[in-house]
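Listed below are the residues making up each chain.
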Amino acid sequence: MTCAAITLTTAACGSTTTAVATPTTRILTGTGFSALYPESLTVKTQTTRGATQYQLSSHGPLSDAGVPKPGAIGITIQAVPFAVIEASRSLNPTTWTPTQLVNNTVGTPPGATAITVADPAHSVSFAGGTAYALTLSYTSGSTSNVQEDLVDIHANTVYLVELDTEPSLQASGEAAMKTVTTTWGWATT
(Lines give C-alpha, C1' and ligand atoms only; values in the text may rest on other atoms or scores of the structure.)
Protein backbone atom coordinates (compact mmCIF):
# COMPACT_ATOMS: atom_id res chain seq x y z
CA MET A 1 0.00 0.00 0.00
CA THR A 2 1.28 3.48 -0.76
CA CYS A 3 0.69 6.64 1.24
CA ALA A 4 -2.53 8.30 0.22
CA ALA A 5 -2.01 11.66 1.90
CA ILE A 6 0.83 13.70 3.31
CA THR A 7 0.49 16.89 5.33
CA LEU A 8 3.05 19.12 7.01
CA THR A 9 2.77 17.28 10.30
CA THR A 10 1.51 13.76 9.67
CA ALA A 11 1.67 11.12 7.01
CA ALA A 12 -1.08 8.51 6.99
CA CYS A 13 -0.78 5.07 5.46
CA GLY A 14 -3.65 2.72 6.18
CA SER A 15 -4.32 2.75 9.93
CA THR A 16 -0.91 4.00 11.06
CA THR A 17 0.07 7.60 11.57
CA THR A 18 3.68 8.70 11.53
CA ALA A 19 4.74 12.12 12.75
CA VAL A 20 6.85 14.18 10.36
CA ALA A 21 8.86 16.99 11.96
CA THR A 22 8.49 20.57 10.79
CA PRO A 23 11.01 23.40 11.28
CA THR A 24 9.41 24.21 14.67
CA THR A 25 8.77 20.68 15.96
CA ARG A 26 10.60 17.52 16.92
CA ILE A 27 9.46 13.89 16.88
CA LEU A 28 8.91 11.99 20.12
CA THR A 29 8.84 8.25 19.53
CA GLY A 30 7.58 6.58 22.66
CA THR A 31 6.25 3.29 23.93
CA GLY A 32 3.46 2.50 21.47
CA PHE A 33 3.14 5.99 19.95
CA SER A 34 4.81 8.88 18.20
CA ALA A 35 3.92 12.56 18.29
CA LEU A 36 5.38 15.95 17.52
CA TYR A 37 6.29 18.46 20.20
CA PRO A 38 7.47 22.09 19.97
CA GLU A 39 11.24 22.36 19.52
CA SER A 40 11.31 24.86 22.40
CA LEU A 41 10.65 22.02 24.86
CA THR A 42 13.26 19.63 26.22
CA VAL A 43 12.49 15.94 26.79
CA LYS A 44 13.52 13.66 29.63
CA THR A 45 12.58 9.97 29.47
CA GLN A 46 12.42 7.69 32.48
CA THR A 47 11.32 4.06 32.83
CA THR A 48 10.51 2.72 36.27
CA ARG A 49 9.10 -0.76 36.98
CA GLY A 50 7.85 -1.13 33.41
CA ALA A 51 6.09 2.25 33.16
CA THR A 52 7.64 4.92 30.93
CA GLN A 53 7.34 8.66 31.49
CA TYR A 54 8.27 11.43 29.08
CA GLN A 55 8.67 14.90 30.59
CA LEU A 56 8.57 17.87 28.21
CA SER A 57 9.53 21.21 29.74
CA SER A 58 9.99 24.78 28.58
CA HIS A 59 12.51 25.61 31.35
CA GLY A 60 14.44 23.07 33.40
CA PRO A 61 13.36 19.69 34.72
CA LEU A 62 9.88 18.92 36.02
CA SER A 63 9.39 17.75 39.61
CA ASP A 64 8.88 14.05 40.30
CA ALA A 65 5.14 14.82 40.21
CA GLY A 66 5.45 16.42 36.73
CA VAL A 67 5.13 20.02 37.90
CA PRO A 68 7.29 22.63 36.15
CA LYS A 69 9.11 25.33 38.02
CA PRO A 70 7.28 28.67 38.28
CA GLY A 71 7.13 30.41 34.91
CA ALA A 72 7.47 27.19 32.91
CA ILE A 73 5.26 24.82 30.93
CA GLY A 74 5.38 21.08 31.57
CA ILE A 75 3.80 18.21 29.64
CA THR A 76 4.05 14.69 31.04
CA ILE A 77 3.26 11.60 29.00
CA GLN A 78 2.97 8.28 30.81
CA ALA A 79 2.62 4.86 29.23
CA VAL A 80 1.69 2.24 31.82
CA PRO A 81 1.07 -1.34 30.65
CA PHE A 82 -1.88 -3.17 32.20
CA ALA A 83 0.51 -5.74 33.71
CA VAL A 84 2.29 -2.99 35.68
CA ILE A 85 -1.02 -1.64 37.02
CA GLU A 86 -2.26 -5.10 37.92
CA ALA A 87 0.98 -6.03 39.69
CA SER A 88 1.46 -2.79 41.61
CA ARG A 89 -2.10 -1.86 42.53
CA SER A 90 -4.11 -5.08 42.24
CA LEU A 91 -6.46 -3.37 39.80
CA ASN A 92 -7.84 -4.70 36.52
CA PRO A 93 -7.91 -1.86 33.96
CA THR A 94 -9.87 -3.98 31.46
CA THR A 95 -12.95 -3.56 33.67
CA TRP A 96 -12.67 0.20 34.26
CA THR A 97 -15.46 2.55 33.31
CA PRO A 98 -14.39 5.93 31.87
CA THR A 99 -14.82 7.50 35.33
CA GLN A 100 -12.66 4.81 36.95
CA LEU A 101 -10.05 5.27 34.22
CA VAL A 102 -9.76 8.98 35.02
CA ASN A 103 -9.96 8.51 38.80
CA ASN A 104 -7.32 5.74 38.83
CA THR A 105 -4.94 7.65 36.54
CA VAL A 106 -5.17 11.38 37.33
CA GLY A 107 -3.87 12.92 40.53
CA THR A 108 -2.41 16.13 41.85
CA PRO A 109 1.05 16.59 43.33
CA PRO A 110 1.62 15.75 47.00
CA GLY A 111 0.86 18.79 49.15
CA ALA A 112 -1.38 20.44 46.53
CA THR A 113 -4.03 22.69 48.03
CA ALA A 114 -7.10 24.54 46.76
CA ILE A 115 -7.81 21.69 44.31
CA THR A 116 -10.72 22.57 42.04
CA VAL A 117 -12.28 20.67 39.15
CA ALA A 118 -12.38 23.34 36.43
CA ASP A 119 -13.74 21.00 33.74
CA PRO A 120 -15.14 17.60 34.84
CA ALA A 121 -14.21 14.35 33.11
CA HIS A 122 -15.66 14.14 29.61
CA SER A 123 -15.03 12.23 26.40
CA VAL A 124 -12.88 13.72 23.64
CA SER A 125 -11.68 12.58 20.22
CA PHE A 126 -8.06 11.45 20.32
CA ALA A 127 -5.87 9.55 17.85
CA GLY A 128 -8.79 8.14 15.92
CA GLY A 129 -10.74 7.05 18.99
CA THR A 130 -12.21 8.29 22.24
CA ALA A 131 -10.21 9.40 25.27
CA TYR A 132 -11.22 11.21 28.45
CA ALA A 133 -10.19 14.67 29.58
CA LEU A 134 -10.28 16.56 32.87
CA THR A 135 -9.02 19.98 33.97
CA LEU A 136 -8.01 20.80 37.54
CA SER A 137 -6.55 23.83 39.22
CA TYR A 138 -4.47 23.71 42.39
CA THR A 139 -1.79 25.49 44.35
CA SER A 140 1.64 23.90 44.80
CA GLY A 141 3.77 25.77 47.31
CA SER A 142 2.78 29.35 46.60
CA THR A 143 2.25 28.82 42.85
CA SER A 144 -1.18 28.44 41.25
CA ASN A 145 -1.29 25.78 38.53
CA VAL A 146 -3.67 24.52 35.87
CA GLN A 147 -3.58 20.78 35.12
CA GLU A 148 -5.19 19.44 31.94
CA ASP A 149 -5.30 15.66 31.58
CA LEU A 150 -6.09 13.36 28.68
CA VAL A 151 -6.35 9.62 29.43
CA ASP A 152 -6.68 6.77 26.95
CA ILE A 153 -6.32 3.00 26.80
CA HIS A 154 -4.65 1.50 23.77
CA ALA A 155 -3.05 -1.92 23.21
CA ASN A 156 -3.31 -2.96 26.88
CA THR A 157 -1.60 0.23 28.05
CA VAL A 158 -2.97 3.27 29.89
CA TYR A 159 -1.71 6.55 28.43
CA LEU A 160 -1.82 9.86 30.28
CA VAL A 161 -0.95 13.16 28.61
CA GLU A 162 -0.88 15.99 31.16
CA LEU A 163 -0.25 19.72 30.93
CA ASP A 164 0.83 21.60 34.07
CA THR A 165 1.47 25.34 34.08
CA GLU A 166 0.52 28.60 35.72
CA PRO A 167 -2.80 30.17 34.64
CA SER A 168 -0.94 33.04 32.91
CA LEU A 169 0.78 30.47 30.65
CA GLN A 170 -2.28 28.31 30.04
CA ALA A 171 -2.82 29.42 26.41
CA SER A 172 0.85 28.75 25.52
CA GLY A 173 0.72 25.42 27.34
CA GLU A 174 -2.47 24.42 25.55
CA ALA A 175 -0.86 25.25 22.21
CA ALA A 176 2.10 22.99 23.06
CA MET A 177 -0.20 20.21 24.23
CA LYS A 178 -2.31 20.56 21.08
CA THR A 179 0.84 20.01 19.00
CA VAL A 180 1.37 16.73 20.86
CA THR A 181 -2.22 15.48 20.87
CA THR A 182 -3.19 16.39 17.30
CA THR A 183 -0.12 14.68 15.82
CA TRP A 184 -0.32 11.58 18.02
CA GLY A 185 -0.17 8.28 16.18
CA TRP A 186 -0.26 4.73 17.49
CA ALA A 187 2.57 2.36 16.68
CA THR A 188 1.62 -0.83 14.92
CA THR A 189 3.10 -4.23 15.58
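Residues numbered from 1 in each chain as written. Predicted model: local features only at pLDDT ≥ 70, side-chain atom pairs only at ≥ 80, totals over all residues. Heavy atoms only, no water.

1. Quick look at helix α2 (residues 98-105)
Along an α-helix, residues three or four apart share an orientation, since each turn contains 3.6 residues. Rule in force here: Only protein chains enter the accessibility calculation, which uses a 1.4 Å probe; a residue is then buried when its area is under 20% of its type maximum, exposed when over 50%, and partly exposed in between. Helix and strand definitions follow DSSP, with helices as H or I runs of at least four residues and strands as E runs of at least two, each counted in order from the N terminus. The directions considered for the arc are those from the helix axis to the C-beta atoms. By definition, residues are in contact when any of their heavy atoms lie within 4.5 Å.
Turning to α2, its buried residues number three or more, namely Leu101, Val102 and Thr105. Looking down the long axis of α2, one finds its buried residues gathered within 90 degrees of arc, a one-sided arrangement. Residues of α2 that are buried in the fold lie against β9 (113-126), β10 (129-140), β11 (143-154) and β12 (157-165).

2. So, the packing of aromatic side chains
Put simply, the rule is: Two rings from Phe, Tyr or Trp (for Trp, the six-membered ring) form a pair when their centres sit within 6.5 Å of each other. Planes less than 30 degrees apart are called stacked, planes more than 60 degrees apart edge-to-face, and all others tilted.
One pass over the structure, following the stated rule, counts eight aromatic pairs. Ring centres of tyrosine 159 and tryptophan 184 lie 6.0 Å apart, and the angle between their planes is 85 degrees; on these two criteria the pair is classed as edge-to-face. One end of the pair, tyrosine 159, is in strand β12; the other, tryptophan 184, is in the loop between α3 (170-182) and β13 (185-186), with 25 residues separating them in the sequence. Here tyrosine 159 falls in the buried class, since its relative accessible area comes to 3%. A connected cluster of aromatic rings, assembled from ring pairs, spans Phe33, Tyr54, Phe126, Tyr159, Trp184 and Trp186.

3. Topic: the sheet that holds β12
This is how the line gets drawn: Pairing between two strands requires that DSSP report at least two bridges joining them. Axes here refer to lines fitted to C-alpha atoms; in helices the fit is confined to the stretch in contact. Angles between the N-to-C directions go from 0 to 180 degrees.
Read across the open sheet, the seven strands follow the order β6-β7-β8-β12-β11-β10-β9; overall the sheet is antiparallel. Pairing within the sheet leaves two strands with one partner each, and these edge strands are β6 (42-48) and β9. Adjacent strand axes in the sheet meet at a mean angle of 15 degrees, parallel and antiparallel pairs treated alike. Relative to β10, β9 is paired through nine bridges, and the arrangement is antiparallel. Paired with histidine 122 across the two strands is alanine 133, which belongs to β10. Sheet contacts for helix α1 (residues 82-89): β7 (51-57), β8 (73-81), β11 and β12; angle to β8, the most-contacted strand, approximately 85 degrees.

4. A few points about the confidence of the model for the protein chain
Counted only if it meets this: Per-residue confidence from the prediction method is given by pLDDT, with values spanning 0 to 100.
Averaged over the protein chain, the pLDDT score is 89; the fraction of residues at 70 or greater is 89%. When mean pLDDT is taken per element in the protein chain, α3 scores highest with 98 and strand β1 (residues 5-6) scores lowest with 24. Low pLDDT, under 50, characterises residues 1-16; the stretch is placed with 25 contacts to residues that sit more than four places away or in other chains.

5. Points about α1
Within α1, the full set of buried residues consists of Phe82, Val84 and Ile85. An end-on view of α1 places all buried positions within 160 degrees of arc, on one side of the element. When the buried face of α1 is taken as reference, the exposed residues oriented beyond 90 degrees from it are Ala83 and Ala87. Contact partners of the buried residues in α1: β7, β8, β11 and β12. Serine 90, located one to two residues past α1, shows a positive phi value of around 55 degrees.

6. Describing the environment of tryptophan 96
Tracing the sequence through the fold places tryptophan 96 in the loop between α1 and α2. The class for tryptophan 96 is buried, based on a relative accessible area of 13%.

7. Examining the sheet that holds β13
Strand pairing in a sheet relies on backbone hydrogen bonds, with the paired strands running either antiparallel or parallel. Pairing in this open sheet of three strands is antiparallel, and the strands run β4-β5-β13 from one edge to the other. The open sheet has two free edges, formed respectively by β4 (25-30) and β13, since each of these has just one partner strand. The pairing of β4 with strand β5 (residues 33-38) spans six bridges and is antiparallel. Its bridge partner lying in β5, leucine 28 is registered against alanine 35. Contacts from α3 reach β4 and β5 within the one sheet, and its direction differs from that of β5 by about 150 degrees.

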